[in-house]
Amino acid sequence: MYSVTCVAPVNIAVIKYWGKRDEDLILPLNDSVSATLSTDHLCTRTTVTTSEIYLENKIVLNGKEESFGNPRLLRCLEEIKKRAQAANQCKPEMLKWNIHVKTENNFPTAAGLASSASGYACFVYALSCLYGIEKDEISSIARLGSGSACRSLHSGFVQWQKGTLIDGSDSIAAQLADHQFWPEMRIIVLVVNDSRKKTSSTGGMSTSVKTSKLLKYRAETCVPQHTKELVEALYRKDFEIFGKVTMQDSNQFHAVCLDTYPPCVYMNDVSHAIVDMVHKFNERKGSISLAYTFDAGPNACLYLLEKDVAEVLATINQVFPNDKCSSPEYIKGIKVDTAMLPQADPYFAANERNLLKYIIYTKVGEGPKRIE
């Protein structure tokens, strides 16, 4: 019996991936850019065990046994074993044995917080450790499970290159900068709804490709320009441009979702109230100091610099008052002394109480790792 346990991070895109040119190989219409979040606060933890006594493959997700018949899951396993056979770094008989997988997320699953990305990244990374495959060979395999999973295989800021080859071999993720490049960068996740979303990302993308006229223009014209501007701003550590492009790209992504027929509606009234709060905060500061981005769900990911964290958290607590504000379980992640937050600013009006489930305060982090 051989067993490996690994953790892999969530990544949150600032230039969004939406739409595939090849559904089977999961090849995207456009490049995307993301930040990898700290595994201390948001991660998937996966244990893969193989043994000659196992009669079948099994997977347990968050304590519940799921079907191992998922074609993407099987394809990742098959591709890893094929690479392992060629690499000849493990005992040949291991490749004939079945596996048991136990995987858990420490954040909501299928709620628009990139759980499939961290899940497949962790699964593929754990398999690579089990069978002795070089880590630089697994990006295209993780992509076969969930497109954005390839971005979760790197620390820091990552670009998934769409590629042009028909076989998808050049559609891989590459690191733009490691997690220490911009140490002041912080992320605050506002969890509005932690339930499973009504329209999956896979289903929404497929419908958008078939029906949205805006998607084609976005992929061919807007995303290349957004990517260029954002990457240049990243290397200059220019938060003003970084934040502006991040918000513009998020807005356009959701415009594509609305341009889809029938429309995919991922943001809700609370999401839009968060957008209003961010723009008012920046207006109050006289510069872009806070930026929002929304994946396929209502939950907001806010990018900001460390120096503004206390003021932003105070503003969030004022605009979205919550009965659990003083509870240590309300603001998770990096520890915050809520008693030391600034006083309320009358510039911001309060919404009704308890619109947010909880808050996760985190930072840019490392890629996947094996836990000994």
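The numbers attached to residues start from 1 for each chain and follow its sequence in the written order. In view of the model being predicted, local features appear only for residues whose pLDDT reaches at least 70, and side-chain atom pairs are presented and counted only at 80 or more, with totals across whole chains, interfaces and linings using the full set of residues. Where side-chain values are given, they derive from all heavy atoms of the structure, hydrogens and water being excluded.

Caption draft 1: Layout of the overall build of the chain. Across its full length, the chain carries eight helices and 17 strands. In summary, the chain has a C-alpha radius of gyration of 21 Å against a globular reference of 21 Å for 372 residues, a match within 12%. The C-alpha extent of the chain, read off along each of the three principal axes, is 70 × 45 × 40 Å. Under the scheme applied here, a residue whose accessible area is under 20% of the maximum for its type counts as buried, over 50% as exposed, and between as partly exposed, the area being computed with a 1.4 Å probe on protein chains only. Considering the chain as a whole, with its 372 residues, one finds that 56% of them fall into the buried category. At a minimum sequence separation of 6, the contacts of the chain that also span at least 24 residues come to 78%. Counting only carbon and sulfur atoms, one obtains 50% of the accessible surface of the chain, whose full area is about 16,400 Å². His is not counted here, nor are the chain ends, while Lys and Arg score as positive and Asp and Glu score as negative. Just so you know, the charge point we use is NZ for Lys, CZ for Arg, CG for Asp and CD for Glu. Taking the average place of the 42 positive charges on the side chains of the chain and the average place of its 42 negative ones, the gap between the two points comes to 2 Å. Think of it this way: any DSSP run of H or I at least four residues long counts as a helix, any run of E at least two long counts as a strand, and we number them from the N terminus. Radius of gyration means the value over C-alpha atoms here, while the globule rule gives 2.2 Å times the residue count to the 0.38 power. Here, two residues are considered to be in contact whenever any of their heavy atoms come within 4.5 Å of each other. Computed by Shrake-Rupley with a 1.4 Å probe, the accessible areas treat only the displayed protein chains as cover when residues are assessed.

Caption draft 2: Structural view of the nonpolar core. If you look at the biggest cluster of nonpolar residues, it comprises 66 residues, and the most contacted ones within it are Phe157, Ile188, Phe242, Ile274, Leu302, Ile316 and Leu356. Considering every element that reaches this core, the biggest residue donor is helix α7 (residues 269-285), with seven residues. Residues within four places of phenylalanine 157 in sequence aside, it is in contact with Ser34, Ala35, Ala174, Gln175, Leu176, Ala177, Trp182, Met185, Leu234, Phe242 and Val364. Counting 37 residues, the second-largest nonpolar core is a separate cluster that includes Leu27, Leu73, Ile80 and Tyr125. Only buried residues count toward a nonpolar core. Its members are Ala, Val, Leu, Ile, Met, Phe, Trp, Tyr and Cys residues joined through side-chain atoms within 4.5 Å.

Caption draft 3: Spotlight on the sheet that holds strand β7 (residues 58-61). DSSP bridges decide pairing: two strands pair if at least two such bridges lie between them. Spatially, β8-β7-β9-β6-β1-β17 is the arrangement adopted by the six strands of the open sheet, whose pairing is mixed. The open sheet is flanked by β8 (64-66) and β17 (369-370), the only strands paired with a single partner. Judged from the eight bridges that link them, strand β6 (residues 43-51) and strand β9 (residues 98-105) form a sheet pairing that is antiparallel. Bridge pairing in β9 links arginine 45 to glutamate 104. To define axes, lines are fitted to C-alpha atoms, for helices over the stretch in contact only, and angles between the resulting N-to-C directions are given on a 0 to 180 degree scale. Sitting on the sheet, helix α2 (residues 115-131) is in contact with β1 (2-9), β6, β9 and β17, with an inclination near 145° to β1.

Caption draft 4: Representation of the packing of helix α5 (residues 213-236) against helix α6 (residues 239-259) in the model. For the pair α5 and α6, interaxial distance at closest approach is 9 Å and the crossing angle is 165°. Between α5 and α6, the angle falls in the class roughly antiparallel. Two packed elements cross with a definite hand, and for α5 against α6 that hand is left-handed. Contacts between α5 and α6 involve Lys213, Leu214, Leu215, Arg218, Cys222, Val223, His226, Glu229, Leu230, Ala233 and Arg236 on the former and, on the latter, Ile241, Phe242, Val245, Thr246, Gln248, Asp249, Gln252, Phe253, Ala255, Val256 and Asp259. What sets the label is the angle itself: under 35 degrees gives roughly parallel, over 145 gives roughly antiparallel, 65 to 115 gives roughly perpendicular, and the rest give oblique. Handedness of a crossing follows from how the near helix is turned relative to the far one, being left-handed for an anticlockwise turn of less than a right angle and right-handed for a clockwise one.

Caption draft 5: Up close: the pairing of β6. In terms of residue burial, β6 counts as a mostly covered element, since seven of its nine residues are buried. Of the pairings in the sheet, the one linking β1 to β6 comprises eight bridges and is antiparallel in character. Counterpart to valine 7 in the pairing with β6 is arginine 45.

Caption draft 6: View of the packing of α7 against helix α8 (residues 309-319). Here α7 crosses α8 at 130°, and the two axes come no closer than 11 Å. Of the possible angle classes, the one that applies to α7 and α8 is oblique. α7 and α8 meet at a crossing whose hand is right-handed. Of α8, the residues touching α7 (which contributes Met277, Phe281 and Lys285) are Glu311, Val312, Thr315, Ile316 and Val319. Under this grouping Gly is polar, as are all residues other than the nonpolar Ala, Val, Leu, Ile, Met, Phe, Trp, Tyr, Cys and Pro and the charged Asp, Glu, Lys and Arg. Residues belonging to the contact of α7 with α8 are distributed by class as follows: five nonpolar, one polar and two charged.

Caption draft 7: Here's a closer look at the sheet that holds strand β13 (residues 290-294). Overall, mixed pairing links the five strands, which are arranged β13-β14-β12-β16-β15 in an open sheet. The open sheet has two edge strands with one neighbour each: β13 and β15 (331-333). When the angles between neighbouring strand axes are averaged without regard to direction, this sheet yields 25°. Pairing analysis gives three bridges linking β15 to strand β16 (residues 358-363), with the strands arranged parallel. What sits directly across from glycine 333, in β16, is tyrosine 361. Across the face of the sheet, α6 comes into contact with β12 (185-191), β13 and β14 (300-305) while running at roughly 25° to β13. Its contacts with the sheet place α7 against β12, β13 and β14, and it is angled at close to 160° to β13.

Caption draft 8: Inspection of the environment of valine 278 at higher detail. Assignment of secondary structure puts valine 278 in helix α7. It is 8.7 Å that separates the C-alpha atoms of valine 278 and leucine 302, two residues lying 24 residues apart in sequence. The residues touching valine 278, leaving out its near neighbours within four places in the chain, are Met247, Leu290, Ala291, Tyr292 and Leu302.

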